[in-house]
Structure formats: structure tokens, C-alpha cells
Amino acid sequence: MSQILSPEQFAELAVERMVEPIVDGDLSLDRDKFALVVKSGTGQPLQMVRLSRFYETYAQEPTLLDDILKRVAELARDQPNINDFRSVAPNLMPAIRDRADVFFEWYAARREYGDAAGDLRGLVFAEHFIIYPVIDTGARLGSVPSQVMDSWGVDFESIMELAIQNLVAATPHTNFSSLVDTESNTSEMHQSTWCDHFDAVRTCYFDFPELDVPGEKLYLMLDTSRLFIWGADSTVGTAYVLNELEKAAEENESTDRRLPPYVFRRDVTGGLVIHHPHPEKEAALYNALRRHQIIHRSRIYERQRVFLSSDADIQEQEIYVGKFGAFQKPDGQIYTACTWTEGAEILLPKTDTVMFAKDKGEGTEFEMAAEVPWEKVAEIMGDQLVAVNFYPPRFRTVGWPSDAQLVQLKKISLLD
């Protein structure tokens, strides 16, 4: 049995295979990223081929060395054949994105192309995120249409499992920069430094036990390439992360895709769950996250409202697409609300409260009859509040509260 090549020896062989197809340019090895970098004659980076996944496959099956090196060389010639599962398998990776953005793009394609748009396939994570397979060629990322996945003859779970295996193989080292308290010599916060579009999704599959922080570990996936880990008991770490969140909100469109502003922690099973800060004990974190989450939801609901309002079926049925409203109470607290209007069929966004606008007689003037927490509205109105297949979620109103229901709503109304 021959000895397995070291990563350096494997890289040297890969270089030999890739030199031939490079007509004009230079090829070098980035040892930190364990990747081959192709540059033009003027020094402009053209392509990066990460070797970690290829080496991992080789280490498991050394007899496939020649075949694996051929695949590496093919990346310098052209893109892998997306219809050939064997060709793209080494390039599959799990990507994480804002669920609302992915749903919106799919729904828009569905409207334009019908069934040709395929199905929306992904793993919904923590309600607001979606994880799905992409093809990472080293030069670009590409999503995989459902029709292509069907042609592979491999079930979705197996595709995702392989993508996760590739992610693990591409993560041989923990890459973080740390904010350290020099007086106590303790780490307050850690920021990922892979910067390869998979920083955020790694925290779904790695718990990074070697990263010490004061108190319970908290995680913020600011965008696909920026992951922050800090301690719940770290005032410095919390302040740093919130400052980064504030700066990101003020930035123009980021190079990496922004992710919903939610903080995570690990539950007793080790899985990631959304962390809900205590309003008093974690006031700074609670208030900042609440504000950013409402801003985020306002943005995606407005984008959705404009899109749905132009839908031919919705227009034909004279369905009104309700607005997502954000308001501030006298004590400074922010809350969200939508309006259920008598005489109209409405697609309501999911909000903290629902305001009921009663027709004063001719359908032109309305008075606010009640404002009720969403959960109580759903309880009282029952099947008159119907969930529809949209994300962010919307609910179709059916009719108007009966006199008896209106009495119940007024009893618990938040209106003065």
C-alpha cells in the first residue's frame, strides 16, 4: 500500500496538471487557503481553486488520485458540467441566505416562467434562514435548479449531506481573529476570517469549542462571510458586535449577502436556536436587535407588498395587500401593526398587533374599533384568518368580525 501524499505533494501534482491549460498567466499556491491561484500576465487574480475538498476525497480513496487531479485541471479549462453529478459533486457546498430573498427570487421566476422555474428546495433554518446546495467552482457560486437535481437521480438529503461533507473538508482549521482584554488576558469576541462565503453557515455544523468567551456563547451571522462569536457576559464583546451591526445597516449593498439580524445560542442538544435577550438584563442587546429586526421586516414586507400588488390574479380578485407598520409607544418601545379593514379582502403581514378599521357607513370613512395582539386575533377569528403560501408570512382575511367577535376584540383592545 503506497503512502498517502502530503497536502504539499498533492498541491505540487495539481499545479503540474493545471499549468498546461493556462496559456497567459501565472499559477501559484496560496498555502494559508490551500488553494491554487490563477493570475493574468498583469497580476490580476482570475481564479482560485480550493484544494481542501479534493485532498479530502483523495485521502479517503488514494486510488482515485489521477481522476481527482483531472477534475482539478478541468476547473482551469472550463466549468464543471452541471448535469453530471459526478462532475459537480466535489464542488457542492451548503449556502445560507435570507429566506425572504430566496423565496422572492423564486416567486418572481415562477411568475415569469411558470413550471419552468422549478421547485424551491432548501432547509428552512430558524424560520428566517434557508440552507441549500450551491456549486462553488472556486471562481463563482451558482445555485442548482430543481430540474437539474432531479436529473442527477440523487435525493435532496443525500445532496445536502455531500455538500456538508465538502464544507467539513474545506474547514481544516479554525480561522478567527480575536478581541482580547489585555488586563485579564481573556477573549471577548471572535470574528471569522475565512471570508469565502461560507463563514456563516459553518456555525450550523461546528461549535468551535476552542473559542473561549465570558459566559454563554452567542453567535451573529452578519452576512455570509462575517460570523461573530462572543460571550453573553462580555460588555465589550456585545458593544463591538452591535457596532458592526449598526455599520452594516448603514452600508450600501454589501459584497456578501446580508443575513437577517438574529443572534443565536446553543440549546442543550448543541443545536443553534435564536437567542431572545432579556429586556432588562440584556437591555442594550435587546433594544438594538428589536430595532434592526423590525427594520429588516419592514424592508422585506414592503418589497413583497409592491411585488404582490402587481400580481394579475391578486388584482383580478381585488385583494388588497396590507402594509407592515412600525410605531413607537410613549415609553419608547417599538411595535408593529397592520390593519384589517371592513369591506375589503386583505393579505395581512404578520405583526405584533392588528387594528380593526370599521366602516362608518359608505366605505369612505373608517373608525378604529380595536387594536388587538396578533395571537388573540388568531384565537378569536379562527378560520377567518387564513395562512397563504408566502414568505415572509401573510394571512388572507375572510369577511369582518361578527358582533359577538367584535365584543370580544374590544374587551382586550389596546386602544385607550
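Structure: above.
Report on the accompanying structure. (Residues numbered from 1 in each chain as written. Predicted model: local features only at pLDDT ≥ 70, side-chain atom pairs only at ≥ 80, totals over all residues. Heavy atoms only, no water.)

1. Quick word on the packing of aromatic side chains
Part 1 of the reasoning: On inspection of all chains with the given rule, the structure shows 23 aromatic pairs.
Part 2 of the reasoning: Seen in terms of ring centroids, Tyr301 and Phe324 are 5.0 Å apart; in terms of plane orientation they differ by 15°. Their pairing is stacked. With Tyr301 in helix H10 (residues 283–309) and Phe324 in the loop between strand E14 (319–321) and strand E15 (325–328), this pair connects stretches of sequence that are 23 residues apart.
Part 3 of the reasoning: Under the relative-accessibility criterion, Tyr301 is labelled buried at 2%. (Phe/Tyr/Trp six-rings, centres within 6.5 Å; stacked < 30°, edge-to-face > 60°. Helix = DSSP H or I, 4+ residues; strand = E, 2+ residues; numbered from the N terminus. Buried < 20%, exposed > 50% of the residue type's maximum accessible area, 1.4 Å probe, protein only.)

2. As for the sheet that holds E15
Part 1 of the reasoning: Strand order in the open sheet made by the four strands is E15-E16-E18-E19, with mixed pairing throughout. The open sheet terminates on both sides in strands that have one partner only, identified here as E15 and strand E19 (366–373). Each neighbouring strand pair of the sheet contributes to a mean axis angle of 35°, computed without reference to strand direction.
Part 2 of the reasoning: Here E15 pairs with strand E16 (residues 334–341) via four bridges, running antiparallel. The residue of E16 that forms the bridge with Phe327 is Tyr335.
Part 3 of the reasoning: Running at roughly 100° to E19, helix H12 (residues 374–381) makes contact with E16, strand E18 (353–359) and E19 of the sheet. (Pairing = 2+ DSSP bridges. Axes fitted to C-alpha atoms, helices over the stretch in contact; angles between N-to-C directions. Contact = heavy atoms within 4.5 Å.)

3. A few points about the nonpolar core
Among soluble globular proteins, nonpolar side chains are generally buried collectively.
Part 1 of the reasoning: Residues Ile96, Phe125, Phe129, Trp152, Phe208, Met221 and Phe264 are the most contacted members of the largest nonpolar core, which totals 42 residues.
Part 2 of the reasoning: For this core, the secondary-structure elements that each account for two or more residues are strand E4 (92–98), strand E6 (129–136), helix H6 (146–152), helix H7 (156–169), helix H8 (199–202), strand E10 (217–223), strand E11 (226–231) and strand E13 (272–274).
Part 3 of the reasoning: Contacts of Ile96, omitting those with residues within four sequence positions, involve Phe125, Phe129, Ile130, Ile131, Ala200, Val201, Cys204, Met221, Thr224 and Leu259.
Part 4 of the reasoning: Within the second largest apolar cluster, 17 residues are counted, among which are Cys338, Phe356, Val377 and Leu385. (Core = buried A, V, L, I, M, F, W, Y, C linked by side-chain atoms within 4.5 Å.)

4. What about the sheet that holds strand E17 (residues 345–349)?
Neighbouring strands of a sheet are bound in pairs by backbone hydrogen bonds; such pairs are parallel or else antiparallel.
Part 1 of the reasoning: Spatial ordering of the open sheet is given by E14-E17-E21-E20, a layout of four strands whose pairing is mixed. Both edges of this open sheet fall to E14 and strand E20 (385–388), since each of them pairs with a single strand only. Here the strands of the sheet are splayed against their neighbours by 30° on average, with no regard to which way each runs.
Part 2 of the reasoning: Note: E17 against strand E21 (residues 394–397), three bridges, orientation antiparallel. Residue pairing across strands places Leu348 opposite Phe395, the latter belonging to E21.
Part 3 of the reasoning: Where H10 meets the sheet, it contacts E14, E17 and E21, and its direction lies at approximately 50° from that of E21.
Part 4 of the reasoning: Taken strand by strand, H12 contacts E17, E20 and E21, and its axis lies near 110° from that of E20.

Fair warning: the whole summary comes from geometry, so function is off the table for now.
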